[in-house]
Structure formats: C-alpha cells, structure tokens
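Okay, here's what each chain looks like letter by letter:
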Amino acid sequence: MFRAKLSLILKHLKNNPNFDSFLDSLQIFLLLFIIIGIGDFWYFTDFGLYEDDYDRIPFALEAGWIGSGSGLGRFILNHILIEQGQGRALHDILIVIFSWIGNKLGGFHSIYLIGYFIITINACLFYTLLKRFALPKVFIITGVLAFSLFPADTTQPFLTHSLGIQPSITFLLIALHCYVAKKKILSYFIILGSLLCYEPIFPVFLAAPLFKNKWNLRLCRELIKHSFLMAIMVTCLILLRKLLGETRASDVDFVIALQIVVRHVVIGPFISLKMFLYRPLTTLTELNLKSLLIILPCWIGLLWIFSHLETKFPSRSKDSVLSIRTRFLNLEITENFQLILKFLLIGIVTVILAYPFALSSDVTIISGRSSKVHTAAVVGASIVCACVCWTIWFIANNYRKKYIGTALLATFFALLIGFGLVVQQDYILSWQYQKAFWTDIDVLCPDMTENTVILVDNHKMLRGVKQIQSFFERPSVVISKLYKFPRDWRLQPKLYYLRKNWKETIISTENLWQLNHITTTAPGPGYGALKSTDRSNYYTNTESSNIILLEAQGGKLNRVFSVIINDKVFSLKQKQNSQLLPLKKGIIYQYMIKSEEY
C-alpha cells in the first residue's frame, strides 16, 4: 500500500513540468554548498578570532540563555536605542545573536558554520535571481560561481563580516527578488534592512528597475521615482543619526566625502573586476602540494559540469533585432545577444553603484579586513564575469571547440577555489601567531596589577600575514577579554604597541611616561583605545614603575626591567617576590593560550 502511494506520488512529480527545474536547483544548491565549503571554510576548525571579532564575539560566548540574566537582551536594546552600533543598528546585533546561537549549538567553531550557512544562502538567492530571466545555463552557472568565489573581497571567513556584512547582501538579494516579482513596497522595507546592517550595499538596489524585461520610456520614469524614494530613505536615516549624535554622520566633511566617492566610483569597478584575473595568478605563485590535492579534484568536477552544459539559449526569438553592416563588419544582434548585452550593462552599472557609500577604506586595498570596500561589488562583478565566461563559451562552441571552453572555465574557477585556500591558510597562520603572542604575555606578565600598562616594542618584527591582521590594533580590548580583572581595580591593565621613535617623546616629567597616539599605535580617542574601563579617564601619564616593557625579537617577546632614555635609566615594574593570586581566566583564555608546556 505504502509503495503504491509512493510510486503514485513520484509519478505525479515527474509529470509536473516544474519538477525538473526543482531538481536542477537542488543540484546547484548542493554544488554551491560544496564550492563555498572548500573555498571559504575548508579549514574552519583551525580559525580563531580576528581584529573586530574581539569587540563582539566574546560577549556572545559568555552570554547565557535568554532570561538567565546574561544581558543579551540589554545588549540589543543598547545598540538600537543608545549606541546605535556605529549607525548600523543591525550590524552588531546580528553578529552577537548569530555567534550566541552558534556557540550554544556546538561551541566556538560552530559560529563559523553559521557564517558558512549565510554565505551559501546568498549564493542560492543569487542563483534563483538569475534563473528568473531567460539566460543560458552556462551564464547562470558561471555567474553564481563567480559570486561564490568573489576574489576582490577576502573577508568571507572573517566572523565579523560573514555574520554582520553578508546579511546585508541577503537583504539586497531578497529585495531584488521582491522588486522583480512586482512586490515593490515589500522590497523597500526589506532593503531598509541592508541600510541598517551595512550601508555600502544599499546603493546597489538603485539598479533594481534595470532587471525588468523591457527598457523603454516607462523604465526611465520608474528609475527616477525609484531613486527619489531611496534618496528619502537615506536622508531620513542620516538626519536620525545626526539627532542621536552618532559621530560617523555628524562629523562627515562632505567635500572630502564627495572627492572620495568620485575616486572610488572611477577606480573601484576596475579594481574589483581585475581581481578575477589577478587572483588565479596568485594561486599559481603560492601553490603547494596540499592545495594542489584539493584543487585538482575540484578542476575535474568543474570539467565534468561544464562538459554537460547545453550550449543553447532558453526558448527565445533568434530573429535579428539589429544589423550592423560595413565594409569590415557584418554583425547581427539577435534578441538572445541583446539579453546578454543588457546584463553586461546591468553588471557594469551595479559594480559602479557598489562604491558611493564605501568610504571607510581606500578602494585600492585588495587584502585584509579593508578589502571589504569591494564587498558590495559582488553582484555586479559576478554578472560581468558571467558575460565574459559566456562569450568564451560561445566562441569555443561556435568554432566546434567546446572542450577548449570547458577546460578554460574549469581551470579559471578551480584557481579561484585555490585562492580561497590561500586566504584560509593566512587565517590559520594568523591565529597561530596570535596564540603564540598572548601565550608570551601570559607567561611574562603574571604580575599585572591595577594601573599596570604593558608596552610592546618592535611589534612589527612579530610574524604576520597578508589577509588578516595577526595583532589587533586595540590589544587592550583583547586583554580585557583574556582575563577577568577584579572589579574594584579603578584602572585595569592595558596593552599598547609602541611607535618606532617612541623614546624621543615618551618622557613627560621625571618618571612619568606619556602614552598617547604619538608614542603608541593606538587609534584616536573616538575608539576608546586610550581610555580606562569606565570610559572617562585617559592614560596620558603613567609611572615607569607601573610599566611592563616587552621587546619583540625573533618572533617572540622578551621582558626587560629597565631601559635607558636620554642617558637616564628608568626602572620598570619588577616581578613581585611574594606569590600573587593568579588572575581569573576570561572567556577567550581557553582558545588563545597554548595548553602545552611552554
């Protein structure tokens, strides 16, 4: 009886005209899951915390269940009503909530699986968006692969970005789906989420009307109306941020901002598109046996996929809609080719729109955290890449050389996967270097007490990597999470990196050392780097007897107990003879301090 019903259901599904499309989508979703898993998260169990992660992730690791007095709800309310999360109310909230969920489900590294899931969802949304249009299958496949392996932004494994920036792309893609499906009002509410999460993504939605099937005078009117509504949304948000005193809105120099926008809009698209050529070369120059053993099966799999793709367009008119005939040129543009040209233009416009709000980093940066300046270009750059890939495919098939086009595309995307492995290896090394550094701090500075300041000289001599900083620019934030200092300590221990010529300006009077942006690499007061835990007192002068000085040599730290400055010997903090009570371990101690014998 059960088998008969099951057979009937399967027969009904097979007769359903949408069943084949459903199966195709499932296969593509599985492909994206594998590609992103290899390209971005293959080594995720060897990743750790990096840079801005320390501002948010430790809180989520420490928070208990909702209702247990963990402060999770209080954190969310503070970021909506009080701190505004740098004007991005959803940014910090999503990072903390997703981190909290991942940690509760499976521990620290499960947080990376949440980021993996978000990025995969975005790729699936992009695939279903392209599938709405009568595009050739090779265009859709190469477009979504370019999206999944976007090489200009190297921050996909970075938790702060996968949990806080990628959701902004999710809002954008859902809004585009709604707009194309003629649910415009809903699309404007959804894109507001992008503006509140990570605003550089927001301008890309200006291109939404271009995705409509017909380009005519009505489209021009729709673009004007659409742009006006989006401008109102941005204006209202800026005014609200100014009223709330949010510094990123109130302290903007609009002349300088305009200059940056023009520069980014001109240079940014070129940089992000160039990465599709530059990154495969990077993979070849940094290739090792370990990566080759992963890239080679990927290449074989991609070769098989492209060899089974159809070369034809979906059913559309092949009649010529434009003929160009000259002495040297005989060109007929059919409706199918017109569609490709249309999406090429959409891609270019969308890439340009990715840069007007990307003001926090220089557009020429292509490595590390600041490569996020290219994040919003992922949609447009992927469409342009798909156009180029389809052209290669079309020429190869037109000359009956399909195997050449297949090999070229498979090699290109396999090398992009390889670049993802290069990025991941930097993340692994960065975490190893951080653990070595903080283990040195733990061993060398057990006598930290109230008012203690740890200074690290020659920190640039410590080992670092290209794609993610090994040493956070605000190490005092890290040390405050590494230990639980007694609450009655008015000024808790701090750690700063010294600048190159610090000895020339650090002495104030007698034994007082000036600790500010001139003598240390800590950023300005707006970041709270030189503030005490109560965010009211600045470290401007500190007794040398309260200072621990560490020198970086050969990738390790060494502690010195006196230093000569201007021919004067300064005695620094001495280790206590009496046994001090060990400092209580903070929430991230177990992840950062090496457990083996040091």
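All values derive from a computational prediction rather than experimental measurement.

The next subject is helix α16 (residues 378–398). Between its terminal C-alpha atoms α16 stretches 30 Å, which fits the 30 Å expected from 21 residues at 1.5 Å a residue. With 15 of 21 residues buried, α16 is to be regarded as a mostly interior element. Downstream of α16 by a residue or two, Arg400 has a phi angle that is positive, lying close to 55 degrees.

Let us look at helix α9 (residues 166–180). Helical geometry note: an α-helix holds 3.6 residues per turn, so side chains three or four residues apart project in the same direction. An ideal rise of 1.5 Å per residue puts 21 Å on 15 residues; α9 measures up with 21 Å between its terminal C-alpha atoms. Burial analysis of α9 places 12 of its 15 residues in the buried class, the great majority of the element. For α9, the full list of buried residues reads Gln166, Pro167, Ser168, Ile169, Thr170, Leu172, Leu173, Ala175, Leu176, His177, Cys178 and Tyr179. Lys182, located one to two residues past α9, shows a positive phi value of around 65 degrees.

Before going further, it helps to spend a moment on the packing of aromatic side chains. Counted according to the given criterion, the structure contains 32 aromatic pairs. The interplanar angle of 40 degrees and the centroid separation of 5.9 Å between the aromatic rings of Tyr483 and Phe485 together place this pair among those described as tilted. Like Tyr483, the residue Phe485 is buried in the burial classification. Taken together, Phe47, Tyr50, Phe108, Tyr112, Tyr427, Trp431 and Tyr591 form an aromatic cluster joined through their ring pairs.

Core analysis: the largest hydrophobic core is formed by 149 residues, its most contacted members being Phe139, Phe205, Phe306, Phe343, Phe413 and Trp438. Per element, the largest residue contribution to this core is 19 residues, and it comes from helix α17 (residues 402–444). Residues Tyr496, Leu498, Leu549 and Val560 belong to the second largest nonpolar core, which totals 15 residues.

Here we come to the side chain of Asp440. By the element assignment, Asp440 lies in helix α17. Using a relative accessible area of 3% as the deciding quantity, one classes Asp440 as buried.

Right, let's talk about the packing of helix α3 (residues 53–62) against helix α18 (residues 475–482) for a bit. Two elements in contact, α3 and α18, have axes whose closest approach is 9 Å; the angle formed by their N-to-C orientations is 15 degrees. Classed by the angle they form, the pair α3 and α18 counts as roughly parallel. Remark: the crossing between α3 and α18 carries left-handed chirality. On the side of α3, the interface is formed by Tyr54, Asp55 and Pro58, while α18 contributes Val477, Val478 and Lys481. Here the contact of α3 with α18 is built from residues that sort into four nonpolar, no polar and two charged.

Checked against the element boundaries, Asp53 lands in helix α3. For Asp53 and Phe472, which are 419 residues apart along the polypeptide, the C-alpha to C-alpha distance reads 9.7 Å. Contacts of Asp53, omitting those with residues within four sequence positions, involve Gly48, Pro58, Phe158, Leu159 and Thr160.

Position of Ala436 among the secondary structure elements: in helix α17. With a relative accessible area of 14%, Ala436 lands in the buried category. Along the chain, Ala436 and Lys556 lie 120 residues apart, while their C-alpha atoms are 7.8 Å from each other.

This part is about the pattern of salt bridges. Should the charged atoms of two oppositely charged side chains come close, the side chains can pair. Going through the model one piece at a time under the given rule, you end up with 12 salt bridges. In this structure, the salt-bridge partner of Asp52 is Arg369, at a minimum N-O distance of 3.0 Å. With Asp52 in the loop between α2 (19–41) and α3 and Arg369 in the loop between α15 (335–352) and α16, this pair connects stretches of sequence that are 317 residues apart. Comparing Asp52 with Arg369, the two get one shared label, buried. Arg474 is the salt-bridge partner of Asp55, the closest N and O atoms lying 3.0 Å from each other. Pair noted here: Asp55 is in helix α3 and Arg474 is in the loop between β3 (453–457) and α18, with a separation of 419 residues, a long-range link. Relative accessible area serves as the criterion here: at 31%, Asp55 is assigned to the partly exposed category. A single network of salt bridges, built from pairs that share partners, joins Glu51, Asp52, Asp55, Arg369, Glu473 and Arg474.

Before going further, it helps to examine the environment of Ile165. Position of Ile165 relative to the elements: it lies in the loop between α8 (159–164) and α9. Along the sequence, Ile165 and Glu199 sit 34 residues apart, while their C-alpha atoms lie 9.2 Å from each other. Among residues more than four places away in sequence, those in contact with Ile165 are His91, Thr160, Tyr198, Lys372 and Thr375.

On to the side chain of Ser168. Here Ser168 lies in helix α9. Ser168 sits in the buried class, given a relative accessible area of 0%. Here Ser194 takes part through its side chain, which lies 2.7 Å from a polar atom of the side chain of Ser168. Within polar-contact distance, the side chain of Ser168 engages the backbone oxygen of Tyr198 at 3.0 Å. Apart from the residues lying within four places of it in its own chain, the contact partners of Ser168 are Ser194, Cys197, Tyr198 and Ile201.

Conventions adopted
Residues numbered from 1 in each chain as written. Predicted model: local features only at pLDDT ≥ 70, side-chain atom pairs only at ≥ 80, totals over all residues. Heavy atoms only, no water. Helix = DSSP H or I, 4+ residues; strand = E, 2+ residues; numbered from the N terminus. Expected span 1.5 Å × (residues − 1). Buried < 20%, exposed > 50% of the residue type's maximum accessible area, 1.4 Å probe, protein only. Phe/Tyr/Trp six-rings, centres within 6.5 Å; stacked < 30°, edge-to-face > 60°. Core = buried A, V, L, I, M, F, W, Y, C linked by side-chain atoms within 4.5 Å. Axes fitted to C-alpha atoms, helices over the stretch in contact; angles between N-to-C directions. Parallel < 35°, antiparallel > 145°, perpendicular 65-115°, else oblique. Left-handed = near helix turned anticlockwise from the far one by under 90°. Contact = heavy atoms within 4.5 Å. Nonpolar A, V, L, I, M, F, W, Y, C, P; charged D, E, K, R; others polar. Salt bridge = Lys/Arg side-chain N within 4 Å of Asp/Glu carboxyl O. Polar contact = N/O pair within 3.5 Å; in protein donor to acceptor, adjacent residues only side chain to side chain.

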